[in-house]
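Commentary on secondary and tertiary structure
Chain by chain, the residues run as shown.
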2 protein chains.
Amino acid sequence: MKKIILFLLCIGLSVNGYTQNEDEKQLKEIYNQALTDGKAYDWLNYLSNQIGGRLSGSLQAQEAVEYTKAQLDSLGLDRVWLQPVKVPKWVRGTPEFAYFETSPGLSTNVPICALGGSVATPLQGIKAGVVEVQGIEDLQKLGKAKIEGNIVFYNRPMDPTVISTFASYSGCVDQRYSGAEEAAKYGAVGIIVRSMNLRLDDYPHTGSMSYGDTPVSKRIPAAAISTKGAELLSTTLKLNTEIQFYFKQNCKQFNDVDSFNVIGEIKGSEFPNEIMVVGGHLDSWDLGDGSHDDGAGCVQSMDVLRLLKATGYKPKRTIRAVLFMNEENGLRGGNKYAEVASGKKEKHVFALESDAGGFTPRGFSFDCSDENLKQVHSWKSLFEPYYIHLFEKGYSGADIRPLKSDDMVLAGLRPDSQRYFVHHHAENDTFEHVNERELELGAATMASLVYLFDKYGIVK
Amino acid sequence: MKKIILFLLCIGLSVNGYTQNEDEKQLKEIYNQALTDGKAYDWLNYLSNQIGGRLSGSLQAQEAVEYTKAQLDSLGLDRVWLQPVKVPKWVRGTPEFAYFETSPGLSTNVPICALGGSVATPLQGIKAGVVEVQGIEDLQKLGKAKIEGNIVFYNRPMDPTVISTFASYSGCVDQRYSGAEEAAKYGAVGIIVRSMNLRLDDYPHTGSMSYGDTPVSKRIPAAAISTKGAELLSTTLKLNTEIQFYFKQNCKQFNDVDSFNVIGEIKGSEFPNEIMVVGGHLDSWDLGDGSHDDGAGCVQSMDVLRLLKATGYKPKRTIRAVLFMNEENGLRGGNKYAEVASGKKEKHVFALESDAGGFTPRGFSFDCSDENLKQVHSWKSLFEPYYIHLFEKGYSGADIRPLKSDDMVLAGLRPDSQRYFVHHHAENDTFEHVNERELELGAATMASLVYLFDKYGIVK
């Protein structure tokens with residue numbers, strides 16, 4: 001009996017050993033291919049430097065749709081198509097302008113930009129007193145008496161002691177998203193929000209905002225101010241509460257326009273009806289060229305398909321790269337993709353999003369069952385040679401979240417986050433801040449996870 | 001009996017639990033302090049932007065000695081001093097110049113720089129044919145007949161498939177270090193080495209070289225060429241083996257000059273004779289401002305002392321920050337420090353070096369016993385909240401290695417390495433490529449390891 005057990009154990013070990021070995025080899029091939037012949041960086045160069053910022057509804061967004069479709073077409077996939085989706089069209093207009101006045105005629109310019117979705121100021125701009133707050137919760141304490149007729153200046157900074165800068169961002173971004181809606185209730189005439197940036201610099205960072213159900217006539221203009229501008233304004237306010245703040249922006253919301261998600265697919269050889277998605281968002285804000293947010297995620301997702309093909313791997317399941325449109329100011333692409341998938345009764349088993357910058361990958365966060373997280377943990381040693389250590393439960397991504405169901409795995413690539421909010425939604429989110437190796441390591445890490453889930457399936 | 005065991009177990013658990021808790025708290029305080037009130041970035045700003053490149057024997061190196069001593073003086077340490085050390089003085093002279101000629105009068109300029117320690121070319125420069133090799137081992141195959149009178153062009157690139165770029169560097173740097181010595185044996189008149197850089201760009205990367213025991217009269221000039229220049233030269237050579245390469249450099253080696261290691265110390269409260277060192281090197285190459293290599297390591301080491309003090313920790317052992325002079329082209333500072341320590345019979349129990357750039361810390365490599373590595377592994381969970389995962393055996397650092405003994409722990413900080421060789425020894429090793437949070441996270445990670453080894457001692 002002992003001998004039989006020993007024998008079975010040996011078979012078991014050798015089979016596992018063989019499989020582990022095969023997986024090690026496949027991952028090595030994926031990483032080697034990405035690091036020696038990756039295409040993500042070249043694609044990103046084109047998206048960033050030939051096309052540029054790709055705000056939903058813009059000419060550049062349409063160019064990006066056409067370019068990425070053509071590139072996917074050239075990869076010899078089983079199917080490449082455009083999925084129509086109506087998107088909002090918001091346009092910044094001429095550059096914004098702001099200053100504060102400590103006494104009549106004595107003014108200091110500060111860098112601002114309109115938040116995405118904001119209304120314009122009147123043509124002549126707005127000039128008013130400033131009420132500084134550390135968050136929405138301060139509005140009630142101050143009350144209408146102190147806020148009415150003034151500009152609310154939201155100045156709670158991102159918490160520098162939080163190691164993941166995304167967590168720090170989450171703790172602040174309500175000021176940007178809901179600050180105008182809330183301040184309008186107290187009669188504010190406009191809001192200025194400290195940029196979501198841990199560094200002190202001169203770049204204002206835009207981003208989405210919502211007026212909720214505020215009637216159109218009550219909507220007030222909202223702008224972000226650079227972190228240095230915010231510090232200066234705050235310091236000056238401490239010396240002189242009577243200063244006047246002036247700003248002018250002529251952004252405008254147009255009617256929705258036609259756009260597309262871009263999708264490329266490798267048909268599964270064994271389970272073609274089980275679909276695995278890997279994606280990023282093709283739209284970006286308009287100030288920079290959207291290299292980190294989220295050109296990186298798009299070209300990495302495209303490269304996942306290419307890497308699997310280039311290494312000769314034939315997926316059992318159907319693998320799709322989806323470049324979602326309009327993540328930044330509407331999420332229409334993510335919602336449309338899920339709606340179509342549901343309408344067609346497609347069975348999605350896995351989705352992976354890359355929307356946290358093109359920096360050195362550290363691992364993944366998973367929105368999945370404990371069993372599936374355990375499954376991932378069994379692959380940890382395969383990822384260690386590539387310095388991939390994070391396999392935690394957490395948020396996956398905005399575009400794939402509408403797909404969520406109990407029996408699928410949602411995952412988000414987790415690159416190093418320390419530099420991300422230096423660039424996020426700002427003029428300096430540009431190509432030269434992306435490192436080719438870091439970007440390609442991300443693509444290889446994504447392809448490796450896709451390979452493993454495709455090969456072993458999603459355990460129940 | 002069972003009850004007694006249970007009781008003892010409970011005491012044990014609660015003591016351990018308390019200690020773990022205390023350590024968690026101390027690490028949190030160190031990281032918080034570094035991220036909210038770190039001084040490393042300000043110090044680096046001064047070193048980089050007010051002083052600049054700090055080649056041994058230069059005025060800037062002396063200014064850096066004075067500046068860092070003054071800063072350490074201001075920290076209220078128990079002792080700050082300068083340790084005299086003679087250093088070599090090599091001077092680049094006027095900018096180098098190079099081109100290749102495909103036919104007389106038809107020339108293409110390429111960016112080069114002299115390797116540190118190289119002799120000059122004759123005043124009028126050198127013009128000769130080019131023999132491309134993939135490494136020193138090719139010289140023997142080609143033999144004197146093909147090499148004599150020509151310039152040897154070492155063009156083996158760093159291997160992009162190696163994930164740690166330091167490992168990739170190790171696999172190439174023999175061409176730079178010994179290339180001239182070896183080529184001279186075959187009658188070469190000069191050498192050109194492909195820059196140690198994984199990226200294709202226009203920056204030549206300098207670095208140390210040695211002529212071994214080649215007589216002065218037989219020494220040939222050695223320069224690095226940018227990676228793009230190397231690709232261009234190699235491609236052109238494939239089309240035309242007869243091209244002539246011209247280069248001119250007027251660097252010069254002077255007599256040794258006086259310089260210093262800069263040392264600051266907190267006296268141990270319980271074991272003052274057990275010394276723990278944390279350090280980086282104060283000298284740098286002359287092309288950039290030496291921000292990553294190794295201004296970062298110096299200011300992090302200084303900040304380790306400050307962080308321990310600022311968080312109210314009183315070390316049991318004596319903690320020294322040592323800013324070593326002349327790591328780049330001589331290692332005189334590291335050798336002198338060890339020599340003095342040995343002469344004074346100082347008992348060093350631990351040394352940690354930061355000389356791998358100011359990027360996001362990933363962990364440490366340890367040159368120590370298995371028992372001590374096990375000790376470190378017992379602290380893993382303390383570092384996880386800070387995304388510090390690497391605790392491996394490996395190389396510690398050039399400056400602390402002369403201290404090595406069997407009963408001490410040598411360690412090297414391991415930051416993310418992907419971008420390092422883009423900047424290393426080149427004109428673009430400058431302050432704007434250092435991220436404040438990444439730099440401070442490194443300082444906090446170092447201080448945390450120092451705290452733990454100080455508190456628990458080095459297990460035997």
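The rules behind the values
- Residue numbers here run from 1 along each chain, matching the order of that chain's written sequence.
- Here every chain gets a letter starting at A, and every ligand a number starting at 1, in the order they are written.
- Local features in this predicted model are restricted to residues of pLDDT 70 or higher, and side-chain atom pairs are both shown and tallied only at a pLDDT of 80 or more, whereas totals for entire chains, interfaces and linings draw on every residue.
- The side-chain figures draw on all heavy atoms in the structure; neither hydrogens nor water molecules are used.
- The rule is simple: take the accessible area with a 1.4 Å probe, protein chains only, and divide by the maximum for that residue type; under 20% is buried, over 50% is exposed, in between is partly exposed.
- Where helices and strands are cited, they refer to DSSP runs of H or I of at least four residues and of E of at least two residues respectively, numbered from the N terminus.
- Strands pair, by our definition, only if DSSP identifies at least two bridges between them.
- When the strands point away from the viewer and the connection leading from the first strand across the helix to the second strand turns clockwise, the crossover is called right-handed.
- Residues adjacent in sequence count toward polar contacts only when both atoms are side-chain atoms; beyond that, a polar contact is any pair of N or O atoms within 3.5 Å, and within protein one must be able to donate a hydrogen and the other to accept it.
- Every residue pair with non-hydrogen atoms within 4.5 Å of one another is taken to be in contact.
- The axes are straight lines fitted to the C-alpha atoms, using for helices just the contacting stretch, and the angles between their N-to-C directions are given from 0 to 180°.
- Here the copies are matched by least squares. The fit uses the C-alpha atoms of residues with pLDDT of at least 70 in both.
- Buried area is a sum: the accessible area each of two parts loses on coming together, probed at 1.4 Å, counted once for each and added.
- Only one rule defines a salt bridge in this text: a Lys or Arg side-chain nitrogen within 4 Å of an Asp or Glu carboxyl oxygen.
- The source of the domain bounds is an automatic or database domain assignment.
- Oblique is the label for any angle not under 35 degrees, not over 145, and not in the 65 to 115 range, which are roughly parallel, roughly antiparallel and roughly perpendicular in turn.
- For a crossing to be left-handed, the near helix must be turned anticlockwise from the far one by less than a right angle; the clockwise case is right-handed.
- Gly falls in the polar group here, along with every residue not listed as nonpolar (Ala, Val, Leu, Ile, Met, Phe, Trp, Tyr, Cys, Pro) or charged (Asp, Glu, Lys, Arg).
- In this scheme, a helix's expected span is set at 1.5 Å multiplied by one less than its residue total.
- Per-residue confidence from the predictor is given as pLDDT, running between 0 and 100.

**Describing the pairing of strand β11 (residues 271-281) of chain A**
Residue and element names in this part refer to chain A. Most of β11 sits out of view: 8 of its 11 residues are buried. Note: β11 against strand β12 (residues 317-324), 8 bridges, orientation parallel. Within the sheet, the bridge partner assigned to valine 278 lies in β12 and is alanine 321. Regarding topology, helix α8 (residues 291-310) serves as the crossover connection from β11 to the parallel β12, and that connection is right-handed. Strand direction decides the pairing type here: β11 and strand β13 (residues 347-353), joined by 6 bridges, are parallel. If you follow methionine 276 over to β13, its bridge partner there is phenylalanine 350.

**A look at the side chain of asparagine 150 of chain A**
All names here are of chain A. Along the chain, the position of asparagine 150 falls in the loop between α4 (137-147) and β6 (151-154). On the basis of relative accessibility, which here comes to 18%, the residue asparagine 150 falls in the buried class. Here glycine 129 takes part through its backbone nitrogen, which lies 3.4 Å from a polar atom of the side chain of asparagine 150. For asparagine 150, the contacting residues outside a window of four places in its chain are Ala128, Gly129, Val130, Val131, Ala188, Val189 and Gly190.

**Concerning the sheet that holds strand β16 (residues 409-415) of chain A**
All names here are of chain A. Spatial ordering of the open sheet is given by β1-β10-β12-β11-β13-β16-β14-β15, a layout of 8 strands whose pairing is mixed. Each edge of the open sheet carries a strand with a single partner, namely β1 (79-91) and β15 (390-393). Adjacent strand axes in the sheet meet at a mean angle of 20 degrees when their direction is disregarded. Along the sheet, α8 makes contact with β10 (252-266), β11, β12 and β16, crossing β11 at roughly 145 degrees. Most of the contacts of helix α13 (residues 436-456) go to strand β14 (residues 361-367), to which it runs at about 40 degrees, and overall it touches β11, β12, β13, β14 and β16.

**Brief notes about the sheet that holds strand β6 (residues 151-154) of chain B**
Residue and element names in this part refer to chain B. Read across the open sheet, the 8 strands follow the order β3-β2-β9-β5-β6-β7-β8-β4; overall the sheet is mixed. Two strands in the sheet have a free side with no partner beyond their single neighbour: β3 (106-109) and β4 (112-114). Within this sheet the neighbouring strands show an average axis-to-axis angle of 30 degrees, counted without direction. Pairing geometry for strand β5 (residues 126-133) and β6, over 4 bridges, is parallel. Bridge pairing in β6 links valine 131 to valine 152.

**A word on the relation of the copies chain B and chain A**
Structural alignment of chain B on chain A gives an RMSD of 0.0 Å, achieved by rotating through 180 degrees and translating 0.0 Å along the axis. The superposition operator between the copies reduces to a two-fold rotation axis. Scanning chain B for the C-alpha nearest the rotation axis identifies histidine 389 of chain B, at a separation of 3.5 Å.

**Examining the interface of chain B and chain A**
Tallying the contact residues gives 32 residues for chain B and 33 residues for chain A. Roughly 2,800 Å² is buried in total at the junction of chain B and chain A, and carbon and sulfur atoms are behind 52% of that figure. If you sort the residues of chain B by the area they bury against chain A, Tyr387, Arg419 and Arg437 of chain B come out on top, with a joint share of 26%. In this structure, arginine 419 of chain B and glutamate 438 of chain A form a salt bridge, with 2.9 Å as the shortest nitrogen-oxygen distance. Applying the counting rule to chain B against chain A returns 18 residue pairs in polar contact (both at pLDDT 80 or more). For the side of chain B that touches chain A, the secondary-structure elements that each account for two or more residues are α1 (2-37), β14 (361-367), β15 (390-393) and α13 (436-456) of chain B. The element that contributes the greatest number of residues to the side of chain B that touches chain A is α1 of chain B, accounting for 5 residues.

**Thoughts on the domain arrangement of chain A**
Residue and element names in this part refer to chain A. For chain A, the assigned domains read domain 1 (31-88 + 255-456) and domain 2 (93-250). Measuring from the centre of the C-alpha atoms in domain 1 to the corresponding centre in domain 2 gives 33 Å. Residue-level contacts link 15 residues of domain 1 with 19 residues of domain 2. Between domain 1 and domain 2, a total of about 1,400 Å² is buried, with carbon and sulfur atoms accounting for 66% of that surface. Counting every contact that joins domain 1 to domain 2 gives 0 salt bridges.

**Thoughts on the packing of helix α8 (residues 291-310) of chain B against α13 of chain B**
All names here are of chain B. Running from N to C, α8 and α13 cross one another at 55 degrees; their axes reach a closest spacing of 8 Å. Between α8 and α13, the interaxial angle falls into the category oblique. Once α8 is placed against α13, the crossing between them reads as right-handed. Facing α8, whose interface residues are Ala296, Val299, Gln300, Ser301, Asp303, Val304, Leu307 and Leu308, α13 presents Leu439, Glu440, Gly442, Ala443, Ala444, Met446, Ala447, Val450 and Tyr451. Of the residues contributing to the contact of α8 with α13, the split by class is 12 nonpolar, 3 polar and 2 charged.

**Section: the side chain of glutamine 375 of chain A**
Residue and element names in this part refer to chain A. Summarising the element assignment, glutamine 375 is placed in helix α10 (residues 370-377). A relative accessible area of 8% places glutamine 375 in the buried class. Every residue in contact with glutamine 375, bar those within four places of it in the chain, is listed here: Phe453, Tyr456, Gly457, Ile458 and Val459.

**Focus on α8 of chain B**
With 20 residues, α8 of chain B should cover 28 Å at 1.5 Å per step; its first-to-last C-alpha distance of 25 Å lies more than 12% under that length. Count one or two residues on from α8 of chain B and you reach glycine 312 of chain B, which has phi positive near 75 degrees.

**Here's the deal with the confidence of the model for chain A**
Predicted coordinates in areas of low pLDDT are best not read in detail. All names here are of chain A. With 96% of its residues at a pLDDT of 70 or more, chain A shows a mean pLDDT of 96. Contacts from residues 6-15, a stretch scored under 50 in pLDDT, to residues over four places away or in other chains number 0 contacts. Both confidence scores are given for the complex: pTM 0.95, ipTM 0.95.

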